[in-house]
2 protein chains.
Amino acid sequence: MSGVQWRGRLLESVSKNNNYDKIPYMQLATVRGDGRPANRSVAFQGFHGGTTGVLFQTDSRSPKAAEISLSSWVEACMYLPDTQEQFRLHGQASLHGADTPNDLLRQERCRAWAGLPHEIREWFSGPPPSQIPKSPPEAFHHAVPGPKDSPADSFVLGLIDVMSVDYLDLQQGRRQLFTRPHPDERWSLTETCA
Amino acid sequence: MSGVQWRGRLLESVSKNNNYDKIPYMQLATVRGDGRPANRSVAFQGFHGGTTGVLFQTDSRSPKAAEISLSSWVEACMYLPDTQEQFRLHGQASLHGADTPNDLLRQERCRAWAGLPHEIREWFSGPPPSQIPKSPPEAFHHAVPGPKDSPADSFVLGLIDVMSVDYLDLQQGRRQLFTRPHPDERWSLTETCA
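These numbers were taken from a predicted model, which means no experiment stands behind them. (Residues numbered from 1 in each chain as written. Chains lettered and ligands numbered in written order. Predicted model: local features only at pLDDT ≥ 70, side-chain atom pairs only at ≥ 80, totals over all residues.)

1. Comments concerning the overall build of chain A
Along its length, chain A carries 4 helices and 8 strands. Moving toward the C terminus, one meets the helices and strands of chain A in the order α-β-β-β-α-β-β-α-α-β-β-β. For 194 residues, the compact-globule formula gives about 16 Å, and the C-alpha radius of gyration of chain A, at 18 Å, lands near that figure. Judged by the C-alpha coordinates and their principal axes, chain A covers about 55 × 40 × 30 Å. Within chain A, contacts between residues separated by at least 24 positions form 60% of all contacts whose residues are at least 6 apart in sequence. (Helix = DSSP H or I, 4+ residues; strand = E, 2+ residues; numbered from the N terminus. Rg over C-alpha atoms; globule rule 2.2 N^0.38 Å. Contact = placed C-beta atoms within 7 Å.)

2. Some thoughts on the relation of the copies chain A and chain B
The operation relating chain A to chain B is a screw motion whose rotation component is 180°, with 0.0 Å of axial translation and a residual RMSD of 0.0 Å. On the angle and the small slide along the axis, the relation comes out as a two-fold axis. Proximity to the rotation axis, assessed at the C-alpha, singles out A29 of chain A in chain A; its C-alpha lies 2.9 Å from the axis. Taken together, the interface assignments show that 100% of the residues at the interface of chain A recur at the interface of chain B, consistent with an identical surface on both copies. (Least-squares fit on C-alpha atoms with pLDDT ≥ 70 in both.)

3. A closer look at the interface of chain A and chain B
With 38 residues of chain A in contact, the opposing surface of chain B contributes 38 residues. Those elements that provide at least two residues to the side of chain A that touches chain B are β1 (25-31), β2 (37-47), β4 (73-80), β5 (85-96), α4 (118-124) and β8 (188-192) of chain A. In terms of residue count, the dominant contributor to the side of chain A that touches chain B is β4 of chain A (6 residues). Tallied by class, the residues present in the side of chain A that touches chain B amount to 20 nonpolar, 12 polar and 6 charged. (Nonpolar A, V, L, I, M, F, W, Y, C, P; charged D, E, K, R; others polar.)

4. Regarding the pairing of strand β1 (residues 25-31) of chain B
Residue and element names in this part refer to chain B. Here β1 lies mainly inside the structure; 6 of its 7 residues are buried. The pairing of β1 with strand β2 (residues 37-47) spans 7 bridges and is antiparallel. For Q27, the partnering residue across the bridge sits in β2 and is S41. Connecting β1 to the antiparallel partner β2 that follows it, the hairpin turn spans 5 residues, and G35 within it adopts a positive phi of roughly 85°. Here β1 runs beside strand β4 (residues 73-80); their pairing, made up of 3 bridges, is antiparallel. Across the sheet, Q27 pairs through a bridge with C77, a residue of β4. (Buried ≥ 20, exposed ≤ 12 C-beta atoms within 10 Å, placed from the backbone. Pairing = 2+ DSSP bridges.)

5. What about the pairing of β4 of chain A?
Residues and elements named next belong to chain A. Most of β4 is tucked away, with 7 of its 8 residues classed as buried. Alignment of β4 against β5, held across 8 bridges, turns out to be antiparallel. Residue pairing across strands places C77 opposite R88, the latter belonging to β5. Between β4 and β5, which pair antiparallel one after the other, the connecting turn spans 4 residues, and Q84 there sits at a positive phi close to 50°.

6. A short note on the nonpolar core
The biggest cluster of nonpolar side chains holds 76 residues, and the ones touching the most others in it are M26, V74, A76 and I160 of chain A together with V74, A76 and I160 of chain B. With residues near it in sequence (within four places) discarded, A76 of chain B still touches N39 of chain A together with M26, Q27, L28, V54, L89 and I160 of chain B. (Core = buried A, V, L, I, M, F, W, Y, C linked by C-beta atoms within 7 Å.)

7. So, the environment of L170 of chain B
Within the fold, L170 of chain B resides in the loop between β6 (155-169) and β7 (174-179). Here the alpha-carbon distance between L170 of chain B and T100 of chain B, two residues 70 residues apart in the chain, equals 39 Å.

8. As for the environment of P147 of chain B
Residue and element names in this part refer to chain B. Its location among the elements puts P147 in the loop between α4 (118-124) and β6. A C-alpha to C-alpha distance of 6.2 Å links P147 and W113, two positions 34 residues apart in sequence. Not counting chain neighbours up to four residues away, the residues in contact with P147 comprise W113 and A114.

9. A few points about the confidence of the model for chain A
Mean pLDDT over chain A: 90, with 91% of residues reaching 70 or higher. α4 of chain A is the least confidently modelled element of chain A, averaging 88 in pLDDT, while β5 of chain A averages 98, the highest of any element. (pLDDT = per-residue confidence, 0-100.)

10. Details of helix α3 (residues 103-114) of chain B
Every α-helix carries 3.6 residues per turn, so stepping three or four residues along brings you back to the same face. All names here are of chain B. Helix length check: α3, at 12 residues, gives a terminal C-alpha distance of 17 Å against a target of 16 Å (1.5 Å per residue), a fit within 8%. Within α3, the full set of buried residues consists of E108, R109 and W113. The buried residues of α3 occupy an angular sector of 135° when projected down its axis, which confines them to one face. Those residues of α3 that are exposed and angled more than 90 degrees off the buried face are D103, L104 and Q107. Buried residues in α3 make contact with β3 (54-59), β5 (85-96) and β6. (Expected span 1.5 Å × (residues − 1). Arc of directions from axis to C-beta.)

11. Looking at unusual backbone geometry
Non-glycine residue Q84 of chain A carries a positive phi angle of around 50°. Along the chain, Q84 of chain A falls in the loop between β4 and β5.

12. A closer look at the environment of R9 of chain A
Residue and element names in this part refer to chain A. You can see R9 is positioned in helix α1 (residues 2-16). Exposure remark for R9: the 17 C-beta atoms within 10 Å place this residue in the partly exposed category. Placed 158 residues apart in sequence, R9 and Y167 show a C-alpha to C-alpha distance of 9.7 Å.

In structure tokens, the structure reads:
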């Protein structure tokens, strides 16, 4: 019940804040191999089916993909400036490419790919992100899969199995903590100090 | 030279994006005691004097203050939706309250306090953040220091000694990495793949 509550509120907040940017971003924190934190914006791609699992897109060749394979714990922070709300989503992330055995995730990956603008789709067929180019960029100027084609191999969906949500409403001075100690357990809700 | 370059660009980008929210927020990632990441929005309070040290405000009683005292490495991510730019600031954070021996930091703390709206100043005199209230909220309803008074004891300035900046311009498809391996060394700049 409480899980449904934060899920619905997040979707409602995203829809209220979509006037300045069509893509809702959240910042995804991971832990690097050396134990230091890393943090970057990722595009929120909605929920996995009817669950409380949160989807985001990434490049399988990016440092964050390597970090998640080393340590799956992440915290995504979404701040919504128009309504002054914040959602902190803590959980474990997994990455899903073309070979995922989960039919629904495969469909969600194709749907996310189809929704990307051309210039973003182009990136996934280009050189690996965050690396110093070894070949001239022209070497990567080959055909970019279209929105209805199979996604580029490097395009993967991240799925956060959310274990706790720290919700803050700055306008109301209200904070709620939703927790689920184990995936099989029910969500519980605690009101805390803002 | 390169350090001055990213500092000027960040200030320019913040001023171009301040139409939807007067307070520019960034998301601050830390590592918890159990090795998992944490992530939340903090208000960007400008630079420490003429340096490349980045200031933010926090409550000395908050979990992030405890995390920083355990492990000082942080990464702040600032996404600016109007110009579609991202700054990832990686470095070590320190916290500075009323007893800081640094005169400039003491002045910056008072200036940051004076710029806070009343309802935020009220929080620093209220119960500790993120905790389940043990006393009724009325127990904390005492006088709130005004903008020209000494800041509440719990109001501390965080200072990030930035060691690297990963700058991404989504509109231009451009990425630049500014690094400074040691505080005494010069900044260097590398162009990488977006």
